[in-house]
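Structural description and commentary
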Amino acid sequence: MFAVNGGAAFLHKGAACYSDDTELMVGGGLANSFKSLTGTASNLSIGMPETERSRQVQAGGWNMGNQWYYQEHELPPAEVSTLRLTVGNCQWVSAAFMPVPGVDYEAHLVAEPQLKRCVMTINRILPAGDLKPVPLLPAKKCTPEEIAVRRAAAEERAAMDKEIARMRAAGVVPPVIAPR
């Protein structure tokens, strides 16, 4: 996900909707905006293949005096994740997609001034760094019920992780649990 001063990028891992308690801020906020403005923003890479856009950013991509930057994050495979992006005249564009295990993706906003709209693109990164668009799903704000279910699932996961850690500390081999 790419960001710049004056924009924001939020990732909602494993969520088909967005809410304050599911978001991971990738770009935006006072600290990131200041770093973008002063040219001290840094990229976060987990080893995804380079693309033309990431190479441009690494080479010092600037937009109207602001440094672009990106962050790469691992997504839960086979679970819908939601992205929310805004920059400049592009106001909060949201979309969701289903990541495939072992596949890398790149997301950014494309302004289409002649059509007076902004479009989010999420592309699969092919081995040579080429991009292939992936189908997007509409994203909406989470309902209170969806938030409650997500919180309950997170609490259950935390309890399970705690129990596994307790078992390992006691020298007991925990049962095999499917990866998340």
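The sections below set out a description of the structure shown in this document. All figures in this text were calculated on a predicted structure; none of them were measured in a lab. Residue numbering note: each chain is counted from 1, following its sequence as written. Only residues with pLDDT of 70 or above have their local features reported here, since the model is predicted, and side-chain atom pairs are shown and tallied only from 80 upward, although totals for entire chains, interfaces and linings are computed over all residues. Just so you know, side-chain values use all the structure's heavy atoms and leave hydrogens and water out.

1. Section: the overall build of the protein
Convention followed: Strands here mean DSSP runs of E at least two residues long; helices mean DSSP runs of H or I at least four residues long; both are numbered from the N terminus. Partly exposed residues are those whose accessible area sits between 20% and 50% of the maximum for their type, while under 20% is buried and over 50% is exposed, using a 1.4 Å probe and protein chains only. Here, two residues are considered to be in contact whenever any of their heavy atoms come within 4.5 Å of each other.
In terms of helices and strands, the protein carries three helices and 13 strands. Evaluated residue by residue, the protein yields a buried proportion of 38% over its 180 residues. Look at the contacts in the protein between residues 6 or more apart in sequence, and 57% of them connect residues 24 or more apart.

2. Focus: the state of the cysteines
Just so we agree on the cut-off: Disulfide assignment relies on a single distance test, namely cysteine sulfur atoms paired within 2.5 Å.
What the rule picks out here adds up to one disulfide. Shown here is the disulfide that connects Cys17 with Cys142, its sulfur atoms set 2.0 Å apart. Because the sign of the S-S torsion sets the handedness, a value of about 95° for the bond joining Cys17 and Cys142 places this disulfide among the right-handed ones. Remark: Cys142 occurs in the loop between β13 (140–141) and α3 (144–169) and Cys17 occurs in strand β3 (residues 17–18); sequence separation between them is 125 residues. Cys142 shares its class with Cys17; the two are buried.

3. Quick word on the sheet that holds strand β10 (residues 104–112)
What counts is decided by this rule: Here, any two strands with at least 2 DSSP bridges between them count as paired. Here an axis means a line fitted to C-alpha atoms, over the contact stretch when the element is a helix, while the angle between two N-to-C directions is reported on a 0 to 180 degree scale.
Taken together, the three strands give an open sheet; going across it, the order is β10-β11-β12, and neighbouring strands pair in antiparallel fashion. The sheet is open, and its two borders are formed by β10 and β12 (131–133), each paired with just one other strand. Neighbour-to-neighbour, the strand axes of this sheet turn through a mean angle of 40°, independent of strand direction.

4. Looking at α3
To keep it simple, the criterion reads: By definition here, a helix of n residues has an expected span of 1.5 Å times n minus one.
Relative to the 38 Å expected for 26 residues at 1.5 Å per residue, α3 spans 37 Å between its end C-alpha atoms, a close match to the ideal helical length. Those residues of α3 not exposed but buried are Ile147, Ile164 and Met167. Looking one or two places after α3, you find Gly171, whose phi comes out positive at around 85°.

5. Section: the pairing of β10
Examined bridge by bridge, β10 and strand β11 (residues 117–125) share nine bridges and lie antiparallel to one another. Residue pairing in the sheet places His108 in a bridge with Thr121 of β11.

6. Quick notes on the side chain of Thr82
Note the cut-off: Pairs of N or O atoms within 3.5 Å make up the polar contacts considered here, provided that, within protein, one atom can donate a hydrogen while the other can accept it, and that residues adjacent in sequence are counted only when both atoms are side-chain atoms.
Relative to the helices and strands, Thr82 resides in strand β8 (residues 81–87). Owing to a relative accessible area of 0%, Thr82 belongs among the buried residues under this scheme. Engagement of the side chain of Thr82 in a polar contact is seen with the backbone nitrogen of Cys17, the distance being 3.4 Å. Residues in contact with Thr82, not counting those within four places in the same chain, are Phe10, Leu11, His12, Ala15, Ala16, Cys17, Tyr18, Ala95, Ala96 and Ala139.

7. A short note on the nonpolar core
Rules: The definition of a nonpolar core used throughout is a set of buried Ala, Val, Leu, Ile, Met, Phe, Trp, Tyr and Cys residues joined through side-chain atoms within 4.5 Å.
One finds Leu83, Phe97, Tyr105, Leu109, Met120 and Ile122 to be the most contacted residues of the largest nonpolar core, which totals 17 residues. Among the elements that make up this core, the one with the highest residue count is strand β9 (residues 90–97) (four residues).

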